[in-house]
Amino acid sequence: MNKSKILVTGGTGYIGSHTIVELQALGFEVIVIDSLKNSFAGVLNQVEKISGIKPTFYEFDLCDKSALDNFFYREPNIDAIIHFAALKAVGESVDNPLLYYKNNILSLINLLDAMIKFNLKNIVFSSSCTVYGQPDVLPVSEQSPMKKAESPYGQTKQMAEQILSDVVKSAGINVIALRYFNPIGAHDSSLIGEFPIGAPNNLVPMITQTAMGIREKLMVFGDDYNTKDGSCVRDYIHVVDIAKAHVIAIERLLKKNNKSPFEVFNLGTGNGFTVLETIKTFEKVSNTKLNYEITSRRNGDVEKVFADTNLANKELGWKAERDLENMLLTAWNWQIKLKDLKLN
Ligand code: UD1
């Protein structure tokens, strides 16, 4: 039985909760920190229903440096950290950039300070394909240049990677930054999934809530892009595939198999789908008709992005396994279950 202790920040969130389940399945002990600003503690009861184990939970904000120090005094034997905790709504970051810089950057700096103070060496960082901006060449590989970020949210991910890559040089810390493309879908059990508070920003929760009748209509942001049907192209990837990559990254760090102290991997399927293709696939797997309307472009959207996944396939031995149909079907099953769920 593997007993390494993993700290998961943002563990009650969407990707965090799925990652906990995969870590527990391999015998890792999980400790969670979350501010519950955008999530519910009840998610950990759902995790327990899947794995039989409820992770130890600490509720505080990583921007609170003294709370973080107290935490590490109480939990001195952490082997590695997965840092998910961050704000991620692109539009909100445009309206309130300081909130994003403060929250996403200060929390990372506090965490790195604490890692140095308490001599912790391993961290997996939740990055995003947003760091590429609109790439000139597709598929986009880890070597592609970072173009100007389209939003303060994207800027915080670029800055965070920069901070991490500087700190490894001076502090002897090992980092794996995982750049997610568009995580969607839910656990097969339908016990955990994406749980946006208020109106969702992202496409798939908007689709499932519209199909459920919670929203009247889905707005498709633009059909005049240079793509096969004019709507934007994204590389959607199942959240469980993403979660599994985190476990592999943690094992890589713990076994010291990393090839350099700062590694970066794309997590995508390598396939791009348009918004309209995604809608059609959803209609097929859910056997429902979606009420949607084409509207104008959304500010800050990139036209097209999908991943070159060769490096993750080769170096991590990881490959996304689920297709778009499975992603949308599990998202739909989760949406159906949600109405009976009490998370708070
Ligand atoms: C963006 C970021 C991603 C980040 C995520 C967090 C980029 C390239 N991607 O994802 O890194 O993790 O935000 O929120 O910066 N759409 C509609 N109608 C809707 C909602 C979305 O048509 O109601 C379209 C969008 O225009 C886009 C696609 O669906 O073309 C996906 O949008 P969304 O799910 O919001 O994700 P991204 O913006 O790609």
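Residues numbered from 1 in each chain as written. Predicted model: local features only at pLDDT ≥ 70, side-chain atom pairs only at ≥ 80, totals over all residues. Heavy atoms only, no water.

Observations regarding the overall build of the protein
Right, on to step 1. Of the regular secondary structure elements, the protein holds 11 helices and 13 strands.
Right, on to step 2. A compact globule built from 344 residues should have a C-alpha radius of gyration of about 20 Å, and the protein, at 19 Å, falls within 12% of that.
Right, on to step 3. On the principal axes, the C-alpha backbone points of the protein span a range of 55 × 45 × 40 Å.
Right, on to step 4. Residues classed as buried in the protein amount to 55% of the 344 residues present.
Right, on to step 5. Excluding contacts between residues fewer than 6 apart, the proportion of contacts in the protein whose partners are at least 24 apart in sequence is 80%.
Right, on to step 6. Of the roughly 14900 Å² of accessible surface on the protein, 50% is carried by carbon and sulfur atoms.
Right, on to step 7. Taking the average location of the 37 positive side-chain charges in the protein and that of its 39 negative ones, the two points are 2 Å from each other. (Helix = DSSP H or I, 4+ residues; strand = E, 2+ residues; numbered from the N terminus. Rg over C-alpha atoms; globule rule 2.2 N^0.38 Å. Buried < 20%, exposed > 50% of the residue type's maximum accessible area, 1.4 Å probe, protein only. Contact = heavy atoms within 4.5 Å. Areas by Shrake-Rupley, 256 points an atom, 1.4 Å probe, with all protein chains shown as cover. Lys, Arg positive; Asp, Glu negative; His and termini not counted. Charge placed at Lys NZ, Arg CZ, Asp CG, Glu CD.)

Describing the site of the ligand
Right, on to step 1. Around the ligand, 21 residues are found, and the nearest of them are S128, L203, M219, R234 and D301.
Right, on to step 2. A distance of 2.9 Å separates an oxygen atom of the ligand from a polar backbone atom of F221.
Right, on to step 3. Considered on its own, the ligand offers 740 Å² of accessible surface; in the complex 92% of this is hidden by protein.
Right, on to step 4. The set of elements that each furnish at least two residues to the shell around the ligand consists of helix 7 (203-212) and strand 8 (218-221).
Right, on to step 5. Sorting elements by how many residues they give to the shell around the ligand places strand 8 first, with 4 residues.
Right, on to step 6. The class makeup of the residues in the shell around the ligand is 12 nonpolar, 5 polar and 4 charged. (Near = heavy atom within 4 Å. Polar contact = N/O pair within 3.5 Å; in protein donor to acceptor, adjacent residues only side chain to side chain. Nonpolar A, V, L, I, M, F, W, Y, C, P; charged D, E, K, R; others polar.)

Points about the sheet that holds strand 2 (residues 29-34)
Right, on to step 1. Read across the open sheet, the 7 strands follow the order 3-2-1-4-5-6-11; overall the sheet is parallel. The open sheet has two free edges, formed respectively by strand 3 (56-59) and strand 11 (262-267), since each of these has just one partner strand. Neighbour to neighbour, the strand axes of the sheet diverge by 20° on average, direction disregarded.
Right, on to step 2. Of the pairings in the sheet, the one linking strand 4 (residues 80-83) to strand 5 (residues 122-128) comprises 3 bridges and is parallel in character. From the neighbouring strand, I82 faces strand 5, where its bridge partner is V124.
Right, on to step 3. Across the sheet, helix 5 (residues 97-117) lies against strand 1 (5-9), strand 4 and strand 5, angled at about 175° from strand 4, the strand it touches most. (Pairing = 2+ DSSP bridges. Axes fitted to C-alpha atoms, helices over the stretch in contact; angles between N-to-C directions.)

Comments concerning the packing of helix 1 (residues 14-25) against helix 2 (residues 43-51)
Right, on to step 1. Direction vectors running N to C along helix 1 and helix 2 enclose 30°, while the axes themselves pass 10 Å from each other. Here helix 1 is positioned roughly parallel relative to helix 2, judged by the angle of their axes. Along this stretch, helix 1 crosses helix 2, giving a crossing that reads as right-handed. From helix 1, S17, I20, V21 and Q24 reach across to helix 2, where they touch V43, L44, V47, I50 and S51.
Right, on to step 2. Residue composition of the contact of helix 1 with helix 2, grouped by class: 6 nonpolar, 3 polar and no charged. (Parallel < 35°, antiparallel > 145°, perpendicular 65-115°, else oblique. Left-handed = near helix turned anticlockwise from the far one by under 90°.)

Thoughts on the packing of helix 5 against helix 6 (residues 152-171)
Right, on to step 1. Running from N to C, helix 5 and helix 6 cross one another at 20°; their axes reach a closest spacing of 10 Å. Comparing the axis directions of helix 5 and helix 6 gives the class roughly parallel. The two elements helix 5 and helix 6 meet at a crossing, and its hand is right-handed. Mapping the contact onto sequence places P97, Y100, Y101, N104, I105, L108, I109, L112 and I116 in helix 5 and P152, Y153, Q155, T156, M159, A160, I163, L164, V167 and A171 in helix 6.

Topic: empty space enclosed by the protein
Right, on to step 1. In total, this model carries 2 cavities of 30 Å³ or more according to the counting rule given.
Right, on to step 2. In this structure, the largest cavity occupies an estimated 80 Å³ of space.
Right, on to step 3. When its residues are assigned to classes, the lining of the largest cavity shows 7 nonpolar, 4 polar and 1 charged.
Right, on to step 4. The calculated volume of the second largest cavity comes to roughly 50 Å³.
Right, on to step 5. Looking at the second largest cavity, the residues that line it are H83, A85, A86, N104, F125, T156, K157 and A160.
Right, on to step 6. If you tally residues by element for the lining of the second largest cavity, the top one is helix 6, at 3 residues. (1 Å grid on protein atoms, 1.4 Å probe; cavity = no way out; pocket = protein on both sides within 12 Å on 5 of 7 lines; lining within 4 Å. Points joined across faces, edges and corners; volume = space filled by probe spheres on them.)

Concerning the packing of aromatic side chains
Right, on to step 1. Inspection of every chain in the model, using the stated rule, returns 8 aromatic pairs.
Right, on to step 2. Aromatic side chains F60 and F71 sit 6.1 Å apart centroid to centroid with 50° between the ring planes, which places their arrangement in the tilted category. Here the residue F60 occupies a position in the loop between strand 3 and helix 3 (65-74), and F71 occupies one in helix 3, the gap between them amounting to 11 residues. Of the two residues examined, F60 and F71, each falls in the buried class.
Right, on to step 3. With 5.0 Å between their ring centres and 80° between their planes, Y73 and F118 make a pair best called edge-to-face. On the criterion of sequence distance, the pair formed by Y73 in helix 3 and F118 in the loop between helix 5 and strand 5 is long-range, its members being 45 residues apart.
Right, on to step 4. What makes Y73 exposed here is its relative accessible area of 54%.
Right, on to step 5. Every member of this aromatic cluster is reached through a ring pair, and the members are Y58, F60, F71, F72, Y73 and F118.
Right, on to step 6. Sitting over the ring of Y225, R297 keeps its end group 3.9 Å from the ring centre. (Phe/Tyr/Trp six-rings, centres within 6.5 Å; stacked < 30°, edge-to-face > 60°. Lys NZ or Arg CZ within 6 Å of the ring centre and 35° of its normal.)

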